[in-house]
There are 8 protein chains.
Amino acid sequence: MDRSEIERILSEHASGSLSSGDAAAAIEGLAYDDLGFAKVDHAREKRQGFPEVVFGLGKEPDQIAAIFGKLVERSPNVLVTRTTPEVFGILRNICTDAEWHESARLVRVLRKKDDLGVGEISVVTAGTSDVPVAEEAALTAEAMGNKVVRIWDVGVAGIHRILSQRHLLKGSRVVIVAAGMEGALPSVVGGLVSVPVVAVPTSIGYGASFEGVAALLGMLNSCSSNVVTVNIDNGFGAGFAAALINRKWKD
Amino acid sequence: MDRSEIERILSEHASGSLSSGDAAAAIEGLAYDDLGFAKVDHAREKRQGFPEVVFGLGKEPDQIAAIFGKLVERSPNVLVTRTTPEVFGILRNICTDAEWHESARLVRVLRKKDDLGVGEISVVTAGTSDVPVAEEAALTAEAMGNKVVRIWDVGVAGIHRILSQRHLLKGSRVVIVAAGMEGALPSVVGGLVSVPVVAVPTSIGYGASFEGVAALLGMLNSCSSNVVTVNIDNGFGAGFAAALINRKWKD
Amino acid sequence: MDRSEIERILSEHASGSLSSGDAAAAIEGLAYDDLGFAKVDHAREKRQGFPEVVFGLGKEPDQIAAIFGKLVERSPNVLVTRTTPEVFGILRNICTDAEWHESARLVRVLRKKDDLGVGEISVVTAGTSDVPVAEEAALTAEAMGNKVVRIWDVGVAGIHRILSQRHLLKGSRVVIVAAGMEGALPSVVGGLVSVPVVAVPTSIGYGASFEGVAALLGMLNSCSSNVVTVNIDNGFGAGFAAALINRKWKD
Amino acid sequence: MDRSEIERILSEHASGSLSSGDAAAAIEGLAYDDLGFAKVDHAREKRQGFPEVVFGLGKEPDQIAAIFGKLVERSPNVLVTRTTPEVFGILRNICTDAEWHESARLVRVLRKKDDLGVGEISVVTAGTSDVPVAEEAALTAEAMGNKVVRIWDVGVAGIHRILSQRHLLKGSRVVIVAAGMEGALPSVVGGLVSVPVVAVPTSIGYGASFEGVAALLGMLNSCSSNVVTVNIDNGFGAGFAAALINRKWKD
Amino acid sequence: MDRSEIERILSEHASGSLSSGDAAAAIEGLAYDDLGFAKVDHAREKRQGFPEVVFGLGKEPDQIAAIFGKLVERSPNVLVTRTTPEVFGILRNICTDAEWHESARLVRVLRKKDDLGVGEISVVTAGTSDVPVAEEAALTAEAMGNKVVRIWDVGVAGIHRILSQRHLLKGSRVVIVAAGMEGALPSVVGGLVSVPVVAVPTSIGYGASFEGVAALLGMLNSCSSNVVTVNIDNGFGAGFAAALINRKWKD
Amino acid sequence: MDRSEIERILSEHASGSLSSGDAAAAIEGLAYDDLGFAKVDHAREKRQGFPEVVFGLGKEPDQIAAIFGKLVERSPNVLVTRTTPEVFGILRNICTDAEWHESARLVRVLRKKDDLGVGEISVVTAGTSDVPVAEEAALTAEAMGNKVVRIWDVGVAGIHRILSQRHLLKGSRVVIVAAGMEGALPSVVGGLVSVPVVAVPTSIGYGASFEGVAALLGMLNSCSSNVVTVNIDNGFGAGFAAALINRKWKD
Amino acid sequence: MDRSEIERILSEHASGSLSSGDAAAAIEGLAYDDLGFAKVDHAREKRQGFPEVVFGLGKEPDQIAAIFGKLVERSPNVLVTRTTPEVFGILRNICTDAEWHESARLVRVLRKKDDLGVGEISVVTAGTSDVPVAEEAALTAEAMGNKVVRIWDVGVAGIHRILSQRHLLKGSRVVIVAAGMEGALPSVVGGLVSVPVVAVPTSIGYGASFEGVAALLGMLNSCSSNVVTVNIDNGFGAGFAAALINRKWKD
Amino acid sequence: MDRSEIERILSEHASGSLSSGDAAAAIEGLAYDDLGFAKVDHAREKRQGFPEVVFGLGKEPDQIAAIFGKLVERSPNVLVTRTTPEVFGILRNICTDAEWHESARLVRVLRKKDDLGVGEISVVTAGTSDVPVAEEAALTAEAMGNKVVRIWDVGVAGIHRILSQRHLLKGSRVVIVAAGMEGALPSVVGGLVSVPVVAVPTSIGYGASFEGVAALLGMLNSCSSNVVTVNIDNGFGAGFAAALINRKWKD
């Protein structure tokens, strides 16, 4: 929090130009570290078990390092998504617990491993090429205290593959399905389970897949009513939402 | 189930051209009423508390009536979405419990009202014109055994309106947000709560809203990680997914 | 054929300004009836078993009647697609054999019923609302001398429905699959059979289905290699292509 | 097949928690090699004459090599599409029969050369730049036991070029046409033959060709009823579908 | 011209606040009748043989009548495009020379019929449904002093139809081709002639024709270098451009 | 404001479960009339000279009447946009000052007519058909206390028309330009003035205008740096923004 | 100005083939330096406080240098946008006052620093990655004589961040908001202030952000009436328009 | 021409299986050199003054060289578009007359320089960055025997620049206008001249220009009736069409 800002608010309050309520709200609003180029948000800090996350794409290595440095100081679990081995090298120097996950292009610090979910989370892919996105989802869900079951390469063209995994799906509180091309797998999985399915379109495909648009539209139009969708290649968001769905509610 | 089909399967089995396993699977596969134009699915029947649903759009009134007739025989709660007062007139004659919900254009039979959720579900709209879609979500969630809190017309252009409802949001296990035009409300709500947010883009708007596409894209690209999305105007799907998220897990 | 045109060609030939080859080609090119607004093509006439077809959409009733009149004179089987009961009334007066098919909005004359295929053609729909398009395909295939198996409402959200029909699919030389919304059914069917699958996207759906575009993209991106696609709602084209595939080759 | 999985199924069956039918189905469902990142499908194995195929795009070289290794063990004919000379180097070491096809960027093992078709397959291109896609189609069709006729660079702007090849087209049981830009050639070819035409849009063009979308739309809207379409640049799919169409039926 | 405006300009000039040049330009700029809702342009008036044109779509009948009234006073030839029989009734009362053209939905006054072209203009359609757009082009070209050859329903699926009309095309100084669906005909015609081809996509089609977009893209990507394109259904623009191309240059 | 809500907040505050600051904020957040289906916003009320606005599209007549009734009680100037003569009839009964503006489809109450701008606002259209949108802008700007200059039908195809109006443009503090079709006029106007230009694309056009998209893209890509853009047909937004730009700042 | 052109005009005038008015207009039209590949515009020169601008993208370094050389001779403030450090090296040699701004990729010469605005301009970003675009806006506004307040990284997912900056926004005559992804921030800011908001969509995001399209649509559909929009990543245009809005009017 | 093909045709003719007409047509159809990967078209050869053209994009250097070698043997003027300096090096060795045009990326052989046009062709650009496309048009038109006037950088934001060039435009038989961004210049030029305008959208721009789509749509929707359009960046097509328009007709 920025001390001079607090002082400014307090003096405005003392002079009567700011009510107590507004002053309190303004101070609460300072609940972030201001790095100039970024306001690192602390408001989420109190919620147990949430990892802190840095979206790496489009940030300079030194910006990532500065934000990461702030986060690892006060959070046990931290994720840096869409980054590079080079950035990992820098972050490893800041926090030796940092792990590099090659396929997901993700750095993770996982110092707290409590089990916070009511059940398991299955993460399913249609093909081998969808694994990096699915791994991002799986690693995120684990960082938020969940047990994850990975089921790779069970696309609908060989329907017996997913049917043979039905016993795994049936033990899950929520299922994540990553698929590119026509994105049909979430609809099939949705019909096999009675829990929410979080569908992640991937940009895998060519031509009229339009870098994931075909899969995205397929998922949005799913005839299975239990399917919800996130952005193309948004493994992190799928893992995050699935973890919230699986979380114990007010026990 | 179709008796002649069962007999065919059994005789193929007896003759040895069908293994026991295949025969059993084939018989299980007959778990629907075949009306010719529709195969009314019974497989979902065992799962407690699910309403049976007829998607009314594009079906003839007599097709809807035939399917509805099958469903009310064996399910306490039934929904017919995207339908008309005329169809309601016909269905009321089949089942006098049927209710007509004008704004959502929906027929509902609600004979079983157990509370099956772990918490409440908030349903929020950005504007008055989004209410029909939101009502479809709310009516669905209620039919699946949930308490629903309705919060209408709190769009982001007057941010104090949603902020003043924060106490309602905080008591919810899941929040549904329906918004048209720029579809910004789910992102703001997502930042105010720590539960899943199911975003429903509506086709409200004009010009570059492209009948809900602008809102859909806004929600898919939400910077709040707890937002998942369903199809444009898909209030039913949002209510259904929210009910699954709120459902008690294996008690 | 237009007599004055033939004479013009012959006189040009006689005068030496047109070679014999060019004259012959020009005369062959006259192989159509010229109604002014339409050139009714006779070149296809020799090929056995092809129905003559009038695409009704966007033509005036009297234009349809004039073309139809020419066609029934010389072809045993004639189709008029995308038309109305009103037009049917007119055509019935021209040819009392004409049948009206309500769901497909199609007029058919079927006076020759030889079996010209090497096997059967299955026509499959994902939902009840896809039946009109599928019927157009089925009626076309029948008019071209094929036995057709109709399998309605077996969409992927209840995967056991299509699995239970596998024995029907396995007897087919080619399968037509009509589906709207996410259009996933052709991929699943494609994985179950080893014959060509002709996928027809339908405009059934709403919101991000974009009137059949989602289904079309799903089919074009199918992970099943035996799936080929036709235009949205093009039941006629699917039936026509399937009939050509099923046709006996040079026996 | 995964032995421990089979044992798990058998013991569940022995304990009575799994019926015989379910157990048999589950075991059948294990009909693939599980490489972790991929489930190599054996179910297709019985069908005579199908090549095994690896879609190379987006897979790591060692993943391709591992899958390829499994496939060449049990299949005489194997294709690896969309790959590189570097990968070919690796695969050549695994199987010395492997051929490199430069223009199609494709590795092929062709150890079984039976003629399985009822006729010939013509593969036609509009321009020189469409040849790589067309070659992929031709090589695939050959690997599936077909005689292929190649007709390159006969686009519609010089209509005499395709007309002069009419004698070749007339001997074909099915014609594949690859075209970019406006994609008009399949419509013209469709009007010249009475067999199915499989149209492959290519991404050749610039500006408003939108990387093959213009050609794709042209083909989907073809006024020739015998044209079916596959994805942009999907030479493999076109060749595969054409081979199925040409295949002898149940002899 | 607006008298008070001229006076304002002159007095500003007299007072020295406006230079002679600016004053002259300003007066020249008044070369239109200001009807309040419309500024009827006279600047084009001097160019011999141009018809005056009112684009009817989106204008009130009394607005059309007012503009039409001004135009027929000083121009021998006037067109009103995209209008209705009702409007024609009103315009006929203003000018008894007005003709109604049903298929093109166009009112024409044609009092001057000089031949202003160096050659003929061929207007060609792919199908019967394209005729209204083509008629708009033909009627416009005639109103601008051209001889027009109409060639209807010669689409590429029956290539012999257009080939048999080659002798007509060869006598034309410019060819207009109207086509919907895949829009392939301009490319074929372009290859048959050595004069400019003006391609008009029509909105005829369904599904992936996207109301003329497929045809438009086909024409923009034509592999025939002599094809230029106008907007979807813009028969008027095609006729106008063709007339300018055919016009004698400075004789 | 909702009394029971205030009481709830106060009692929560008294019991210590709500801080003073939060309570104050919550009460401030109640600054709207809650009509159930709508929360009529009062927060904007204090800002001098702003009209209250009801966006009529998609609201029921009785909803509009209820909101309108609330607004005319406390605001001198009220607008109801995108509405009908029927609704006007109802509103006229509520407030006899209401005016009906036919071309803009807008109801206006204008009881306060102070001049609040620093200069004039010019509203310009490319064609006659753009006038309704432009009128909406002009009526809005007037309701916000501005003098408006209307310049209709000066599109770029007759460039002398806009050049002859340059003296009017030069006296304006801000210029609104409404144009459909290619939307080129804002760029030309932008180059003629040194004040902000608010561009409004209209849905006027056909074919590849895509209901205003072509004009919208033209304006977004304007090579004149002083052009900003609002949504297609958003005359109200253009008038509103122009009024804010023209407003005296802190005098 | 090009001397030989002036002479040509004068001699045409003397010979009577050009009126005085046309000659004067023609000479005025020569108010640019003609570099062959570019016509450097002088007409804008007289307007006080405008920087001269070179859009660097797609121009050769020596073209930029030549234009820049002309501009710095007669303008105190010059901007070169979308350029590179390499070009900066060349420009620095031409004018040692040139500054390099790394994040905005912009060269600026700022020799005149008068304060020309009536208030301040706030420039706000949703995230860290939007800063480069926002900096381009800020640097432009400064070059046009404005005081700029920078507020970075206050996106709507943490709504308290923007609320805590409300005191800064309230002192501004105009606010620029740069946001990618869902582009929701301008709507929220628009509701907090009563001045114009210039929204700049950025291309930050992935998948269904479509390189800024989602943000652009969000802004065009903003429910806050005071939001106007510029092109994706057009920081320069936003800064330019904001400066014009903030400029003192005719004092 | 392929000798063995001719012999095959003749022997089929002799045996009676081919009519004289068909044989003649077949031989005429051989009027191209078959290089295997390309059929070099000779049919266009007779038409005076047409350059032979190779579209370089997507062809291998040795393919270009082989085609080029065939063309320079029999045509005085040859163009190779969209190529590289490396390819130029190879072609120079084949024909020392070849010229390299850097900005248009084009190789030209221009050995015959007759003037074949009835007037001049003006080529106009909106900006400096549009010059490469415009140069391609200009070089093509020159190769087809035309005098070309180049007018660079006269975009509509400084309308006096194009107005000052009006005397040049007025001497032209046809005008080519290349513009990116909003593509407004053809509409303005179209209003200034009474000859055809060939509009070429360029891919210059960013963000919502969508690589030339905005400009393309602007041109297709031009309110100037004399504007026709070619594909994005298709300078060659514009030059070719303009040359045909300018060509003397049958003298």
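This text follows the structure it describes.
None of the values given here were measured: they were computed from a predicted structure.

Parameters at a glance
- Residues numbered from 1 in each chain as written.
- Chains lettered and ligands numbered in written order.
- Predicted model: local features only at pLDDT ≥ 70, side-chain atom pairs only at ≥ 80, totals over all residues.
- Heavy atoms only, no water.
- Phe/Tyr/Trp six-rings, centres within 6.5 Å; stacked < 30°, edge-to-face > 60°.
- Helix = DSSP H or I, 4+ residues; strand = E, 2+ residues; numbered from the N terminus.
- Buried < 20%, exposed > 50% of the residue type's maximum accessible area, 1.4 Å probe, protein only.
- Lys NZ or Arg CZ within 6 Å of the ring centre and 35° of its normal.
- Pairing = 2+ DSSP bridges.
- Axes fitted to C-alpha atoms, helices over the stretch in contact; angles between N-to-C directions.
- Patch = residues over 30% accessible without salt bridge, like charges linked within 9 Å, V, L, I, M, F, W, Y side chains within 5 Å.
- Areas by Shrake-Rupley, 256 points an atom, 1.4 Å probe, with all protein chains shown as cover.
- Salt bridge = Lys/Arg side-chain N within 4 Å of Asp/Glu carboxyl O.
- Lys, Arg positive; Asp, Glu negative; His and termini not counted.
- Charge placed at Lys NZ, Arg CZ, Asp CG, Glu CD.
- Least-squares fit on C-alpha atoms with pLDDT ≥ 70 in both.
- Right-handed = clockwise from strand over helix to strand, strands pointing away.
- Contact = heavy atoms within 4.5 Å.
- Buried area = accessible area lost by both parts, 1.4 Å probe.
- Polar contact = N/O pair within 3.5 Å; in protein donor to acceptor, adjacent residues only side chain to side chain.
- Nonpolar A, V, L, I, M, F, W, Y, C, P; charged D, E, K, R; others polar.

A. The packing of aromatic side chains, seen in detail. All chains considered together, the criterion is met by 32 aromatic pairs over all chains. For the pair H:Phe50 and H:Phe240, a centre-to-centre distance of 5.5 Å together with 90° between the ring planes defines the contact as edge-to-face. Here the residue H:Phe50 occupies a position in the loop between strand E2 (39-41) and strand E3 (52-55), and H:Phe240 occupies one in helix H10 (residues 235-246), the gap between them amounting to 190 residues. A single burial state applies to H:Phe50 and to H:Phe240, both of which are buried. By the ring-pair criterion, three or more aromatic residues cluster together here, those being A:Phe50, A:Phe236 and A:Phe240. Lying over the aromatic face of C:Tyr206, B:Arg82 brings its terminal NZ or CZ to 3.9 Å of the ring centre.

B. Seen up close, the sheet that holds strand E6 (residues 106-110) of chain C. Residue and element names in this part refer to chain C. On the basis of which strands lie adjacent, the open sheet formed by four strands has the order E3-E4-E6-E5 and mixed pairing. This sheet does not close on itself; its edge strands, each paired only once, are strand E3 (52-55) and strand E5 (99-101). For this sheet, the mean angle separating the axes of adjacent strands, direction not counted, is 15°. Both strand E4 (residues 77-81) and E6 contribute to a ladder of four bridges, which runs antiparallel.

C. Molecular detail of a negative patch on the surface. A cluster of like negative charges, contributed by A:Glu211, D:Glu211, G:Glu211 and H:Glu211, occupies part of the molecular surface. Residue classification places A:Glu211 among the exposed positions, given a relative accessible area of 63%.

D. Spotlight on the pattern of salt bridges. Within this structure, the stated rule accounts for 71 salt bridges over all chains. Its salt-bridge partner being C:Arg150, residue C:Glu135 comes within 2.7 Å of it at the nearest N-O pair. Note that C:Glu135 is positioned in helix H5 (residues 131-143) and C:Arg150 in strand E8 (residues 147-151), a separation of 15 residues in sequence. Taking the relative accessible area as the measure of exposure, C:Arg150 reaches 32% and is therefore partly exposed. What you see here is one network of salt bridges that share partners, running through A:Glu99, A:Arg108, A:Glu135, A:Glu142 and A:Arg150.

E. Quick peek at the relation of the copies chain B and chain A. When chain B is fitted to chain A, the residual RMSD is 0.1 Å, and the transformation amounts to a turn of 180° plus an axial shift of 0.0 Å. A rotation of that kind, with that shift, is consistent with a two-fold axis. Distance from the rotation axis, computed per C-alpha, reaches its smallest value in chain B at B:Thr229: 2.5 Å.

F. Region of the structure containing the pairing of E3(C). All names here are of chain C. Of the two faces of E3, the one holding Glu52 and Val54 is buried and the one holding Val53 and Phe55 is not buried anywhere. Across four bridges, the pairing between E3 and E4 is parallel. By the bridge assignment for E4, Val53 is matched with Leu79. Handedness of the crossover is the feature at issue here: the chain leaves E3, passes through helix H3 (residues 61-74), returns alongside E4, and the resulting connection is right-handed.

G. A look at the interface of chain B and chain A. Counting residues at the interface gives 35 residues for chain B, matched by 35 residues for chain A. Both sides of the chain B and chain A interface together cover about 2,700 Å² of buried area, and 61% of this is carbon and sulfur. Between the two partners, chain B and chain A, sit nine residue pairs in polar contact (both at pLDDT 80 or more). Breaking the side of chain B that touches chain A down by element, the ones donating at least two residues are strand E9 (172-179), helix H8 (185-192), helix H9 (213-220), strand E11 (227-229) and helix H10 (235-246) of chain B. Looking at the side of chain B that touches chain A, the element that brings in the most residues is H10(B), giving seven residues. Split by residue class, the side of chain B that touches chain A holds 16 nonpolar, 13 polar and six charged.

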